[in-house]
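# Analysis of the macromolecular model
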Amino acid sequence: FSTAALIIHKIVPNSTRMFYNRNGLTQQISSQEEFLMKNLLKFSLAYLIAGLAAGVFFREFTTLYGFAGETALAAAHTHLLILGILMFLLLLLFEKAFSLSSSKKWRPFLYFYNIGIALTAALMLMRGILQVQGIVESAAVAGIAGIGHILTAIGLIFLFLSLFERVSRSEK
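We now turn to the structure provided with this report. In this text, all values refer to a predicted model and were calculated from it rather than measured experimentally.

### Things to note about the overall build of the protein chain
- Helices and strands together make up the secondary structure of the protein chain, namely 5 helices and 2 strands.
- Starting at the N terminus and ending at the C terminus, the protein chain contains elements arranged as α-β-β-α-α-α-α.
- Buried residues in the protein chain amount to 32% of all 172 residues.
- Restricting to contacts in the protein chain with at least 6 residues of sequence separation, those with at least 24 account for 73%.

Structure, rendered in structure tokens:
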């Protein structure tokens, strides 16, 4: 994010856009900030598409096999929707209020969190498919899913460190 945003800012250094807020006052938004906010929306949209696709897959796959029990497929659908859409929509608000992306901990958060969620969701889908087919899963599936959860947790730690840093700077 930062590198691409800086390149755009170098190309058009004083590029700003005027808009009206609720009080009718004009404010300026830089092209760099706009770029970042659009990317946060794109992350949210990507997780929406992945979550809805996981939900459709869950419904159709269990129907195809005539499976009526509990499966990890439902959890993958929910995880993608909540941890993806909601998280990035909230981050959009936090970015606007505290400029989270200016923290050095922002990029590690994005990498660890997104890789962790993707790995966790993929392994939940795999586990759910094995459950529906009645195949006993190996310990490797649980181990790799655990790695996904650990990466997500590391990402969340970076997020909170970033939040604490930016909130404390905004109070000064």
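### A word on the environment of Pro-108
- Following the sequence through the fold, Pro-108 ends up in helix α4 (residues 106-133).
- Measuring from C-alpha to C-alpha, the distance between Pro-108 and Ile-154 comes to 8.9 Å, with 46 residues separating the pair along the chain.

### Digging into the side chain of Arg-166
- Secondary-structure assignment places Arg-166 in helix α5 (residues 139-171).
- Glu-165 is the oppositely charged side chain nearest to the buried, salt-bridge-free Arg-166, at an N-O distance of 4.8 Å.
- Setting aside residues no more than four positions away along its own chain, Arg-166 makes contact with Phe-98, Ser-99, Leu-100, Ser-102 and Ser-103.

### Topic: the nonpolar core
- The biggest cluster of nonpolar side chains holds 21 residues, and the ones touching the most others in it are Phe-88, Leu-91, Trp-106, Phe-109 and Leu-159.
- Residue assignment for this core shows that the elements contributing at least two residues are α2 (31-65), α3 (72-98), α4 and α5.
- No other element matches the 7 residues that α3 contributes to this core.
- For Phe-88, the residues in contact, after removing those within four places along its chain, are Leu-40, Phe-43, Ser-44, Tyr-47, Leu-110, Tyr-113 and Asn-114.

### Observations regarding the pattern of salt bridges
- This model, assessed by the stated rule, comprises 5 salt bridges.
- The closest approach of N and O atoms between Glu-137 and Arg-127, which form a salt bridge, is 3.0 Å. Of the two residues, Glu-137 is situated in the loop between α4 and α5 and Arg-127 in helix α4; the sequence distance between them amounts to 10 residues.
- Residue Glu-137 is classed as partly exposed on the basis of its relative accessible area, which comes to 26%.
- For Arg-127, a relative accessible area of 27% translates into the label partly exposed.
- Linking Glu-165 and Arg-169 is a salt bridge whose minimum nitrogen-to-oxygen distance equals 3.7 Å. With Glu-165 and Arg-169 both in helix α5, this residue pair falls 4 residues apart, about one helical turn.
- By relative accessible area, Glu-165 is classed as buried at 16%.
- A single salt-bridge network, built from bridges that share partners, covers Lys-105, Glu-165 and Arg-169.

### Regarding the packing of aromatic side chains
- Under the counting rule described, the total for this entry stands at 9 aromatic pairs.
- With 6.1 Å between their ring centres and 65 degrees between their planes, Phe-88 and Tyr-113 make a pair best called edge-to-face. With a gap of 25 residues between them, Phe-88 in helix α3 and Tyr-113 in helix α4 connect regions that are remote in the sequence.
- Exposure remark for Phe-88: the relative accessible area of 0% places this residue in the buried category.

### Concerning a nonpolar patch on the surface
- Taken together, the side chains of Leu-45, Leu-48, Ile-49 and Leu-52 define a hydrophobic patch exposed on the protein surface, amounting to about 350 Å² of accessible area.
- Tracing the backbone shows Leu-48 in helix α2.
- Exposure remark for Leu-48: the relative accessible area of 32% places this residue in the partly exposed category.

### A look at the packing of α2 against α3
- Where α2 meets α3, the closest approach of the two axes is 8 Å, and the angle between their N-to-C directions is 165 degrees. By the angle between their axes, α2 is roughly antiparallel relative to α3. Seen from above, α2 lies across α3 with left-handed handedness.
- Class assignment for the residues of the contact of α2 with α3 results in 22 nonpolar, 6 polar and 3 charged.

About the criteria used
- Residues numbered from 1 in each chain as written.
- Predicted model: local features only at pLDDT ≥ 70, side-chain atom pairs only at ≥ 80, totals over all residues.
- Heavy atoms only, no water.
- Helix = DSSP H or I, 4+ residues; strand = E, 2+ residues; numbered from the N terminus.
- Buried < 20%, exposed > 50% of the residue type's maximum accessible area, 1.4 Å probe, protein only.
- Contact = heavy atoms within 4.5 Å.
- Lys, Arg positive; Asp, Glu negative; His and termini not counted.
- Salt bridge = Lys/Arg side-chain N within 4 Å of Asp/Glu carboxyl O.
- Core = buried A, V, L, I, M, F, W, Y, C linked by side-chain atoms within 4.5 Å.
- Phe/Tyr/Trp six-rings, centres within 6.5 Å; stacked < 30°, edge-to-face > 60°.
- Patch = residues over 30% accessible without salt bridge, like charges linked within 9 Å, V, L, I, M, F, W, Y side chains within 5 Å.
- Areas by Shrake-Rupley, 256 points an atom, 1.4 Å probe, with all protein chains shown as cover.
- Axes fitted to C-alpha atoms, helices over the stretch in contact; angles between N-to-C directions.
- Parallel < 35°, antiparallel > 145°, perpendicular 65-115°, else oblique.
- Left-handed = near helix turned anticlockwise from the far one by under 90°.
- Nonpolar A, V, L, I, M, F, W, Y, C, P; charged D, E, K, R; others polar.

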